[in-house]
Amino acid sequence: MRVVNRIKMMLLVVLSVYLVACGGGSSSGGDTTADTTKTTIKTTLDMTGTRSKTQAKSATNINVALYLASGESVAMTENPDGSFSADVEYADGTPIYIVATVDNITLKNYFSEVTASGSTADLGSTSPSTTLLVDVIEKAVGATIATALSNSAVLSTVDVESLRTEVATGSSYQNLRNTYATSLTWDNTQTTTVSATLATTLNTFISENGLSVPANETMNNTAEETVYQYMTAYMTGDIDTLNGLMYSNKFMNDGLNSTEFAALSQANAPASGEAIHYVSKSTTTEIMLSSDSAYSNLSGLGLPLYRVFTDYHYQVLNGNNIVAEYANNRKSSQETARVMQKIDGKWYMLGDQDKARFGFRYYYDYSGANDAVNIFACQNGSIAISDVKIRSDVFEGTKTLYENTGHCWDGKITQDSSLLTYGANEAITLTSTDFCGKNFYVDVTYADNTTQTKKYTIPACVEKAVSIDSVNQNTDGTVTVNYTVPANSSPKNIILSVNGIYSKDGLPFNSTSKTITANFVAGTIYTVQISFEDLYSRRYSDSTTFQYN
């Protein structure tokens, strides 16, 4: 009878480890060397398969190598118990890289540092999952870890343990995990195409889904300090600080160069007596990969490059009064992250590197009972747009958007099978009226014949109640609108408008009414609308009409 076994081959990696630390210099500049500690490091070679351990060992050549931060490779010799060991000098806090080759199968593992408990450091399993981790890191670094250990500034800022968790458990990596697990088995040790197949699979995944490689805590803290200095300078019109943080030669943000961006900052600065107050702020910093559309233009200035996603909530205050209130999370709203780079020893912001302003919104009850997806690309600066098309999972082929008077190519796809764009209302055939979770793409061609594509995945469908409760005309001619918006429901922006004569965004999140002063005309019927947009770019609205007397 054939028995199917899950085989785990223990590799006891016994290392004579000397933990070397640099002591503080004396007044004469001399160095001191800390005591060393001998440490045993353990790992497990973990592959599945139907072959027995004896069959696998007799039919394969197993070699294990250990790489140190210096780039030195040490051959690890097999012990009678099936473990492998090597004697090395190890500096505390430096990375360790393990490569195990079993005929045509290669397993890898990587740690940015090793922590011992007593005299032992157990690294856990070296497996298909840790091999995927290494392959992902090498895509970020642009080189093998063995090559990058001693000279890669990118490798030193990877948050390895966060990435390890994401690769091992994250839903986005599930299909890749399955492929690696079924390919890297004892049964495939003599299959020569395994590595090539996995490389192709990983490249396809990156092309279709992108790749997020988190920077470590130290780098993220630096990014958070820099990006919020930059943002605050922009929002307050502090041009001297803003210019000092922008790298003008390569700066590009939503199609604006540094001069245009600074001019916009001055135009939107708060009024005298107003101040910016952050209720909360944080960042998520990722290492830019060579597949990023901005990489080739910026990499010549030096590596690494970073994409910084902000997550903030701020108020514009006049004394204790909230003049305006906004929040944004660039990840959940699928906005392009800003680029940060160290050039000549100083950190600079280089904008989002988009040549136009892009975005999407999901409108609930846009027209009657029909929801709608709004996709747009806008020409902000001097970079001319010549053509904009959209594609989606919910309709076949491509559709053309047309430029409106605000230099935006704007399209709304409704559940009643309409494409609304400037000057046109086109009937389209939908393959699905369930837009949530579906992908939409906007393809932009610029006048210089370059192109850019943005992908948006519509977030989950979540109902939220928004209502106008009453509209009251006051004796002084103003109008007060009372409304209800969702409480504690990830607000991004609250907007109140009266058709053609009034629009106000940034209403305080806890507000329930707004008094409007506008050029109302007696006897005219007006439409009042309240809109609530959340951090996922979902917009909920209610409207009513009233006659001004």
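Look above for the structure.
How each quantity is defined
- Residues numbered from 1 in each chain as written.
- Predicted model: local features only at pLDDT ≥ 70, side-chain atom pairs only at ≥ 80, totals over all residues.
- Heavy atoms only, no water.
- Pairing = 2+ DSSP bridges.
- Helix = DSSP H or I, 4+ residues; strand = E, 2+ residues; numbered from the N terminus.
- Axes fitted to C-alpha atoms, helices over the stretch in contact; angles between N-to-C directions.
- Salt bridge = Lys/Arg side-chain N within 4 Å of Asp/Glu carboxyl O.
- Buried < 20%, exposed > 50% of the residue type's maximum accessible area, 1.4 Å probe, protein only.
- Phe/Tyr/Trp six-rings, centres within 6.5 Å; stacked < 30°, edge-to-face > 60°.
- Parallel < 35°, antiparallel > 145°, perpendicular 65-115°, else oblique.
- Left-handed = near helix turned anticlockwise from the far one by under 90°.
- Contact = heavy atoms within 4.5 Å.
- Polar contact = N/O pair within 3.5 Å; in protein donor to acceptor, adjacent residues only side chain to side chain.

## Examining the sheet that holds strand S17 (residues 395–400)
- If you walk across this open sheet you meet the four strands as S17-S16-S21-S22, and the pairing is antiparallel. The open sheet has two edge strands, S17 and strand S22 (451–457), and neither has a second partner. Strand-to-strand twist in this sheet, taken as the mean axis angle between neighbours without regard to direction, amounts to 15°.
- By the bridge criterion, seven bridges tie strand S21 (residues 439–446) to S22 in an arrangement that is antiparallel.

## With respect to the pattern of salt bridges
- Per the counting criterion, the structure on display carries 18 salt bridges.
- Measuring nitrogen to oxygen at the nearest pair gives 3.0 Å for the salt bridge that ties Arg164 to Glu161. You can see Arg164 and its partner Glu161 sitting in helix H4 (residues 160–169), three residues apart, about one turn around the helix.
- Note on Glu161: relative accessible area 39%, which makes it partly exposed.
- Residues Arg539 and Glu533 are paired through a salt bridge, measuring 2.6 Å at the closest nitrogen-oxygen approach. You'll find Arg539 and Glu533 in the same group, each marked buried.
- Salt bridges linked by common partners bring Arg330, Glu335, Arg361, Lys492, Glu533 and Arg539 together as one network.

## Topic: the packing of aromatic side chains
- Summed over the entire model, instances satisfying the criterion amount to 20 aromatic pairs.
- Between Tyr314 and Tyr326, the aromatic rings sit 5.7 Å apart at their centres with planes inclined by 35°, giving tilted as the arrangement. Taken as a pair, Tyr314 in strand S10 (residues 305–318) and Tyr326 in strand S11 (residues 321–329) lie far apart in primary sequence, twelve residues in all.
- Given a relative accessible area of 10%, Tyr314 falls into the buried group.

## Examining the pairing of S10
- Where burial is concerned, most of S10 is hidden: twelve out of the 14 residues are buried.
- Where strand S9 (residues 275–287) lies against S10, twelve bridges are found, and the strand directions are antiparallel. Bridge assignment links Ser280 to a residue of S10, and that residue is His313.
- Strand direction decides the pairing type here: S10 and strand S12 (residues 338–343), joined by four bridges, are antiparallel. Following the sheet pairing, Leu305 is matched in S12 by Gln341.

## Considering the packing of helix H2 (residues 128–141) against helix H6 (residues 194–209)
- Contact pair H2 / H6: the axes reach a minimum separation of 12 Å and the direction vectors enclose 55°. The orientation of H2 relative to H6 falls into the category oblique. As for the relative orientation of H2 and H6, their crossing is right-handed in sense. From H2, Leu132, Asp135, Val136 and Lys139 reach across to H6, where they touch Leu202, Asn203 and Ile206.

## Quick word on the side chain of Asn109
- Along the chain, Asn109 falls in strand S7 (residues 105–111).
- For Asn109, a relative accessible area of 1% corresponds to the buried category.
- Engagement of the side chain of Asn109 in a polar contact is seen with the backbone oxygen of Ser125, the distance being 3.2 Å.
- Polar side-chain contacts of Asn109 include one of 3.1 Å to the side chain of Arg164.
- Once you skip the residues sitting within four places of it in the chain, Asn109 turns out to touch Thr43, Ile96, Tyr97, Ile98, Leu123, Ser125, Thr126, Thr130, Val134 and Arg164.

## Looking at the environment of Val141
- Residue placement: Val141 occurs in helix H2.
- Given the relative accessible area of 15%, Val141 is considered buried.

## Examining the sheet that holds strand S27 (residues 513–516)
- What the three strands build is an open sheet, ordered S23-S24-S27; its pairing is antiparallel. Whereas interior strands pair on both sides, the edge strands pair on one side only; in this sheet they are strand S23 (467–473) and S27. Going across the sheet, the axis of each strand differs from the next one's by a mean of 20°, ignoring polarity.
- Sheet topology places S23 next to strand S24 (residues 479–484); six bridges connect them, and they run antiparallel. If you follow Val471 over to S24, its bridge partner there is Val481.

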